[in-house]
Structures are given as C-alpha cells and as structure tokens.
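# Structure at a glance
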Amino acid sequence: MRVGLIGFGVVGQGFAALISQKTEQLQARHGLKIEIAAVATRSRGTLYSTNKLDPKTLLQVIQSGTLDNHPDQAGLERGISPLRLASEADFDVLIEASPSNLQDGQPSIAICEAALKTGKHIVLANKGALIYGYNTLSQAARANGKRMLFEASVMAGTPSLRLGMQALAGCTISESRGIVNGTTNFILTQMGDGLNYADALAEAQRLGYAETDPTADVEGWDAAGKAVILGAALFGKQFAFDQMQVTGISQLTAQDIVDAAAAGERWKLIARVTPDTASVQPMRLPISHPLANVSGATNAITYTTDLMGDITLVGAGAGGIQTGFGILSDLIEIHRESGI
C-alpha cells in the first residue's frame, strides 16, 4: 500500500514512527506492507518518490527543520504542491494530517476531493476538512468507489468512531456525549486538585497539553468540531458552529469546583450530540457517572443505545503515536476490504 502524507508535524511523524516500528508485525499479521510515497508540508518542503521514502530517514531529516535536506535518491522529486500530488502522483491512499483550518476546511477539502477523483482512498486526521466538507467528500468517495475514513479525527486512536459506526451498528444510537478535549479535562482535573484556572492552564501549557493561544481548546471550539464530526458520522447531520451552543471552561472559578465537590459532583466539558442538536458546555456530573471519573488528558465517550443501554469508551485523545494509530487502523480496514 503506497500512501501520500499531507502534513508532517506531530501526527505525521507519529505515523511514520509507528509504521517503522510495526513493519514486520503488519506484514506477518495482516499481510500489509505500507510504503510512504510522498510527504507534503506547508513550509518545510515536499518529497515524492516513484520508489519509496524511508520513514526513519524522514524522521531524521525533519529534525533539521526542512525536508529539503533529504538526500537525493533514484525517483525522488521535490517541491510538488499537495494538490498536484493528490491529482497526479502514484499512490493508493492520501492521508490528510495537516493542521486543521477551522474557518473553512481549505485547502484540505480540495486536496482530498482531488485524490478521490483520481482513484485514491482518503484517511483524515484533519478535523477542518470533515467539519466543512463531510458531505462533499463522502459523496465523492461513493461516486468514485473509494473509502473515506477518519478515525483519528476524534479521540486520536481510541476507536470512538469505529465503536459508534461499526460495533454498535445493530443498535439505534440516540445520543453521544463525551469528553473529547484532553486539554480542558486536564485543566479541570488540576482545578479539582486545588489549582485556580490560571495556574491550571499554565501547567497545561508547560506540559504541552495547551497551546500558547489556548482559545480553541478552553473556549470549546475544538470539542465543537469533534461534535460536528460525530453528528455527521452517527446521524448524517451536518451541524454548523452557528447552530450550536458552545461554552468553554474559562469562566469556571475555584469556588465553582469546590461547590460541585461539596455536592458530590465534578465539572466536565461535555460535547453532546443527538440527531437534532449538538452542543459543548461545562456540566456538573455526579461522581458516580463514568465520565466524571475520567481524569487528566484522557478522553471518553458514552453512546446511549436502544439495545445495550449506555456504552462508555475511555482512552487517549491526543498524541503523535496515538493519533498515528488511528490512521493505521483505517489503513488496515482499507487493506482488508480492497486487498491493497
């Protein structure tokens, strides 16, 4: 299976490290040999090989700051645009792992659409392309007989989407609700241990859980994006941000945390999706609730079903290797279905 990788940051590098580590196991257990044919970045160079690119070499070279320092090899081309790679290059699956554009999802939507129209499957970790282009891309995938998979877009490699869309396929899901942003859950856990909001945020930034500008996380927009993806995947409903109630955690005080604890409750930022609504807001949950006991940067999701009642899944929601595994699980599914 030849893959083209759009984006080579934490997620792309995590994926490259993972397939380097798992080469023998993937071949032995699944009969799958993954070769990287292309890597494209926004500002650190683009490589395409008619042969293959060694993942260990890619990881070493990117430490210099640019893929332009990759050694010459037979069949290597440099500087091809991501859109041209998607349209013209020879590989089987396009992996979209570039930074998400939460304004309009471009240029990722156009790149993915071009890949589908030229006979490539697509695997997305990019939330923006799904938030704004889910219907467009899923229709293009069907029209061209290709797969669009996106496990890594919600809860990294923890199989939240595969659980809802496949494992529970015989059930009717009436609601999903979950902790789908690890940064805010870490901050709320720290506040529960006695820190105020500012100090908890600073600790999250020190540990790399929160960005220098944490707005997308702490104001609920990252979680809102994942709620949109869940709505489309589970219920076929394309929610828009302006249709949603989105409230973050930045207004919660130490006293709010103390008051909840006194009542036997904990604050959690909950993304909730039904066939009709999607929202993100802080909620006080009883300590007996499964989601109330999810601490640190861990994520969790609960599906409410007609046959199985509530099913809760808890696991990692971020990390290069973890998100890389989400991509890998989609590639394994494509391999099983298509034989690539």
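The structure under discussion appears in the preceding block.
My aim in this report is to walk through the structure given alongside it, one point at a time. (Residues numbered from 1 in each chain as written. Predicted model: local features only at pLDDT ≥ 70, side-chain atom pairs only at ≥ 80, totals over all residues. Heavy atoms only, no water.)

## Section: the overall build of the protein
So the rule is basically this: For helices the rule is a DSSP run of H or I covering at least 4 residues; for strands it is a run of E covering at least 2, with both sets numbered from the N terminus onward. Atoms considered for the radius of gyration are the C-alpha atoms alone. The globule rule reads 2.2 Å times the number of residues to the power 0.38. Note on classification: 1.4 Å probe, protein chains only; a residue is buried when its accessible area is under 20% of the maximum for its type, exposed when over 50%, partly exposed between these limits. Note on contacts: a residue pair qualifies if any of its non-hydrogen atoms lie within 4.5 Å across the two residues. Surface accessibility in these figures is a Shrake-Rupley result with a 1.4 Å probe; residues are shielded only by whichever protein chains are displayed.
Regarding its fold elements, the protein presents twelve helices and 13 strands. The C-alpha radius of gyration of the protein comes to 20 Å, within 12% of the 20 Å expected for a compact globule of 340 residues. Each of the 340 residues in the protein was classed as buried or not, and the buried ones make up 55%. Considering only contacts in the protein between residues 6 or more positions apart, those separated by 24 or more positions represent 68%. Carbon and sulfur atoms form 49% of the exposed surface of the protein, whose accessible area is close to 14,300 Å².

## Examining the pairing of strand S5 (residues 93–96)
The following threshold applies: We treat two strands as partners when DSSP finds at least two bridges between them.
Where burial is concerned, the two faces of S5 agree: the one with Val93 and Ile95 and the one with Leu94 and Glu96 are both buried. Here strand S1 (residues 2–6) pairs with S5 via four bridges, running parallel. For Val3, the partnering residue across the bridge sits in S5 and is Val93. Inspection of the sheet shows S5 paired to strand S6 (residues 121–124) by four bridges, in the parallel sense. Residue pairing across strands places Val93 opposite His121, the latter belonging to S6.

## Side note on the sheet that holds strand S3 (residues 46–53)
Our working rule: Working convention: axes come from line fits to C-alpha atoms, limited for helices to the stretch in contact. Angles between N-to-C directions cover 0 to 180 degrees.
Reading across from one edge, S4-S3-S2-S1-S5-S6-S7 is the order of the seven strands in this open sheet, with mixed pairing throughout. Looking along the sheet, the strands with just one partner apiece sit at the ends: strand S4 (76–78) and strand S7 (148–149). Across three bridges, the pairing between S3 and S4 is antiparallel. Note that in S4 the partner of Ser49 across the bridge is Leu76. Each of S1, S5 and S6 is contacted by helix H4 (residues 108–117), which is oriented at about 170 degrees to S5, the strand it contacts most.

## Examining the packing of helix H1 (residues 10–30) against helix H2 (residues 55–62)
Note the following rule: By convention the crossing between two helices is left-handed if the near helix lies anticlockwise of the far one by an angle smaller than a right angle, and right-handed if it lies clockwise. Three categories are distinguished: nonpolar for Ala, Val, Leu, Ile, Met, Phe, Trp, Tyr, Cys and Pro, charged for Asp, Glu, Lys and Arg, and polar for the others, with Gly belonging to the last.
At their nearest, the axes of H1 and H2 sit 9 Å apart, and the two run at 145 degrees to each other. Once H1 is placed against H2, the crossing between them reads as left-handed. Residue-level inspection shows Gln13, Ala16, Ala17 and Ser20 of H1 in contact with H2, the latter providing Pro55, Lys56, Leu59 and Ile62. In the contact of H1 with H2, the residues fall into five nonpolar, two polar and one charged.

## Looking at the packing of aromatic side chains
Keep this limit in mind: Classification of ring pairs uses Phe, Tyr and Trp, with its six-membered ring standing for Trp, and accepts pairs whose centres are within 6.5 Å; under 30 degrees between planes counts as stacked, over 60 as edge-to-face, and the remaining range as tilted.
This model, assessed by the stated rule, comprises four aromatic pairs. Judged by centre distance (4.8 Å) and plane angle (50 degrees), the rings of Phe186 and Tyr209 are tilted. Taken as a pair, Phe186 in helix H7 (residues 182–192) and Tyr209 in the loop between helix H8 (197–206) and helix H9 (215–218) lie far apart in primary sequence, 23 residues in all. Taking relative accessible area as the criterion, Phe186 reaches 8% and is therefore assigned buried. Relative accessible area serves as the criterion here: at 39%, Tyr209 is assigned to the partly exposed category. With 5.4 Å between their ring centres and 65 degrees between their planes, Trp221 and Phe241 make a pair best called edge-to-face. You can see Trp221 sitting in helix H10 (residues 221–235) and its partner Phe241 sitting in the loop between H10 and strand S9 (245–246), a full 20 residues away along the chain. The partly exposed category is assigned to Trp221, whose relative accessible area is 33%.

## What to know about the sheet that holds strand S10 (residues 265–273)
Whenever strands of a sheet pair, they do so through backbone hydrogen bonds, lying parallel or antiparallel. Pairing is mixed across the open sheet formed by six strands, whose spatial order is S9-S11-S10-S8-S12-S13. Strand pairing shows two members of the sheet lacking a second neighbour, S9 and strand S13 (309–315), which therefore form its edges. Note that S9 and strand S11 (residues 278–286) share two bridges and pair parallel. Along S11, the bridge assignment pairs Gln245 with Ser279. Strand contacts of helix H11 (residues 254–262): S10 and S11, with the helix running at about 100 degrees to S10, the strand carrying the most contacts.

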